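Here is how the chains run, residue by residue.
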Amino acid sequence: MSSVSKAAIAEALSEARERTLALIEPLDDEQLNRVYSPILSPLAWDLGHIANFEELWLVQTIGGREPLHGELGRFYDAIENPRKVRGELPILRDAELRSYMADVRERTLDVLEGVEIGSDVGDPLLRDGFVYELLLAHELQHNETMLQLLQLVEGYEPVWAEFSPPAQPVPGEPETVRVEAGEYSIGAPEQGFAYDNERPRHSVELAAFEIDRTPVSNGAYISLMEATGAEPPMFWERDGDGWVDTSRAGRVPIDPAQPVIHVSWHQADAFARWAGKRLPSEHEWEAARDRLDGLGHGWEWTSSDFLAYPGFEAFPYREYSEVFFGDGYKVLRGGAWATHPRVARPTFRNWDLPQRSQIFAGLRCARDA
Ligand code: AVJ
Ligand code: FE
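Residues numbered from 1 in each chain as written. Chains lettered and ligands numbered in written order. Predicted model: local features only at pLDDT ≥ 70, side-chain atom pairs only at ≥ 80, totals over all residues. Heavy atoms only, no water.

J.: Teacher, can you tell me more about the sheet that holds strand β11 (residues 361-362) here?
T.: What holds strands together in a sheet is hydrogen bonding between their backbones, with the strands either parallel or antiparallel. Here 4 strands make up an open sheet; going across it, the order is β10-β9-β8-β11 and the pairing mixed. A single partner strand is all that each edge strand has here, and the edge strands are β10 (350-352) and β11. Across 3 bridges, the pairing between strand β8 (residues 299-305) and strand β9 (residues 330-333) is antiparallel. Looking at β9, one finds that E300 is bridged to R333. (Pairing = 2+ DSSP bridges. Helix = DSSP H or I, 4+ residues; strand = E, 2+ residues; numbered from the N terminus.)

The structure is reproduced here in structure tokens:
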């Protein structure tokens, strides 16, 4: 018996692709190929990488077929080709890029027809459709990276409302929730899709703590800047007495009631200390998750380094998580306005370097009880 149907997989794959194409609909080829930032890929690289990752897993690995463009895949390997060199690579562009995406997808659907994806299938890649869930998550996560880049594209006018942050006001003085000391289960259960870094589920001993019910607002962050001279979030510029958001080359007044985003881990940590609090650990965040409001506007920085859970096993490839463990990355939890709901599981662990602020990340504060 199968818990996921092939029709549902095909439908979800086509919805993800529709979203990817809607993101770039207003752009021309020059904008797709342009390098806007050394820490972000040109959009054409993301698009080719999405299709190449699909070809690698769903067509070559699962279908046993040859790649369409021989050795091309090595230019889409994220580890071999750091973001700052991606604009120079001999990647597919323009019409060729679009046909590659469509051709891979056609083969994917063809291979899907012939595979078994039930819960009793021996191959863990296919069991319960794991590899298809992986591919969906991958494309949707790259949609978020593309949205980071799109903040730099002058005058970008998105075709879907969900490609812009919604109004999601939070109080300037948050209420706090007390979480009792005890043993908490952390990580994803064995059933259902999750990344390797979310497993195995394990028990963690926590001391009592308090955590804010809502994330830090723009207004509260402005108080930090005024009191300490802290740097503004990315994209903020002075405008008279106030601040404006210059992403997508707009000049939109900063709403003090919105949660702050585009702050680095260092900025987030400085805010928490200034407020007489601290960042929560990722374990605390997960233990308190059901009691938190204001989720989903920005990722929330935690105090935790991105490390393996005890008993971690890389699956299906070391380069998704394992190569990043212990390399100075900090964990973010929750999800941002740009994150597709399919990605934002309560156990999902995002990570980035502590100096980075191009991601849609803010914070909420905690303290010892
Ligand atoms: C989980 C966002 C850190 O972008 O490096 C995309 C997601 N992994 N392709 C990243 C990812 C492989 C990953 N993050
Ligand atoms: Fe990727």
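Let's pick the thread back up.
J.: I would appreciate a short explanation of the packing of aromatic side chains in the present structure.
T.: We describe a pair of aromatic rings using the distance from one ring centre to the other and the angle between the two ring planes. Scanning the entire structure with this criterion turns up 22 aromatic pairs. Aromatic pair F130 and F193: ring centres 5.2 Å apart, planes at 45 degrees, arrangement tilted. Within this pair, whereas F130 is found in helix α5 (residues 130-150), its partner F193 is found in the loop between β2 (182-186) and β3 (202-206), the two being separated by 63 residues in sequence. Using a relative accessible area of 9% as the deciding quantity, one classes F130 as buried. The interplanar angle of 85 degrees and the centroid separation of 5.6 Å between the aromatic rings of Y320 and W351 together place this pair among those described as edge-to-face. Placement of the pair is Y320 in the loop between β8 and β9 and W351 in strand β10, with a sequence separation of 31 residues. One exposure class covers both Y320 and W351, and it is buried. Over the ring of W45 we find R86; its NZ or CZ atom is 3.7 Å from the centre of that ring. Sitting above the plane of the W265 ring, K330 keeps its charged end 4.5 Å from the centroid. (Phe/Tyr/Trp six-rings, centres within 6.5 Å; stacked < 30°, edge-to-face > 60°. Buried < 20%, exposed > 50% of the residue type's maximum accessible area, 1.4 Å probe, protein only. Lys NZ or Arg CZ within 6 Å of the ring centre and 35° of its normal.)

J.: Looking at this model, I keep getting lost on the environment of L32. Mind explaining?
T.: Summarising the element assignment, L32 is placed in helix α2 (residues 29-33). L32 gets classed as buried once you look at its relative accessible area, which sits at 3%. Along the chain, L32 and L134 lie 102 residues apart, while their C-alpha atoms are 25 Å from each other. Ignoring sequence-local partners within four residues, the contact set of L32 consists of I24, L27, P42, L43, A44, L47 and R98. (Contact = heavy atoms within 4.5 Å.)

J.: Can you walk me through the side chain of E286 in this structure?
T.: With respect to the helices and strands, the residue E286 is situated in helix α8 (residues 282-288). For E286, a relative accessible area of 10% corresponds to the buried category.

J.: I would appreciate a short explanation of the layout of surface pockets in the present structure.
T.: To find leftover empty space, a probe the size of one water molecule is rolled over the atoms. Roughly 1400 Å³ of volume is contained in the largest pocket. If you go around the largest pocket, you meet 50 residues; those closest to its centre are A78, R83, R86, H142 and F324. Residue contributions to the lining of the largest pocket peak at 8 residues, all from helix α3 (residues 43-61). Across the lining of the largest pocket, the residue classes tally to 24 nonpolar, 13 polar and 13 charged. As a volume, the second largest pocket reaches approximately 700 Å³. Class assignment of the residues belonging to the lining of the second largest pocket gives a composition of 12 nonpolar, 5 polar and 8 charged. (1 Å grid on protein atoms, 1.4 Å probe; cavity = no way out; pocket = protein on both sides within 12 Å on 5 of 7 lines; lining within 4 Å. Points joined across faces, edges and corners; volume = space filled by probe spheres on them. Nonpolar A, V, L, I, M, F, W, Y, C, P; charged D, E, K, R; others polar.)

J.: What's the story with the side chain of Q258 in this structure? I'm lost.
T.: Tracing the backbone through its elements, the reader meets Q258 in the loop between β7 (252-253) and α7 (265-274). Look at Q258 and you get buried, because its relative accessible area is 11%.

J.: Would you explain the site of ligand 1 in this entry?
T.: Lining the immediate environment of ligand 1, one finds R83, H138, Q141, H142, Y320, N350 and W351. Take H138: an N or O atom from its side chain is 3.1 Å from a nitrogen atom of ligand 1. H142 has a polar side-chain atom sitting 3.2 Å from a nitrogen atom of ligand 1. Bound to the protein, ligand 1 loses 78% of the 360 Å² it would expose on its own. Judged by the proximity of its atoms to the pocket grid, ligand 1 belongs to the largest pocket. At the level of elements, α5 and β10 are the ones that each hand at least two residues to the shell around ligand 1. No other element matches α5, which puts 3 residues into the shell around ligand 1. Across the shell around ligand 1, the residue classes tally to 2 nonpolar, 4 polar and 1 charged. (Near = heavy atom within 4 Å. Polar contact = N/O pair within 3.5 Å; in protein donor to acceptor, adjacent residues only side chain to side chain. Areas by Shrake-Rupley, 256 points an atom, 1.4 Å probe, with all protein chains shown as cover. Sits in = over half its atoms within 2 Å of the grid points.)

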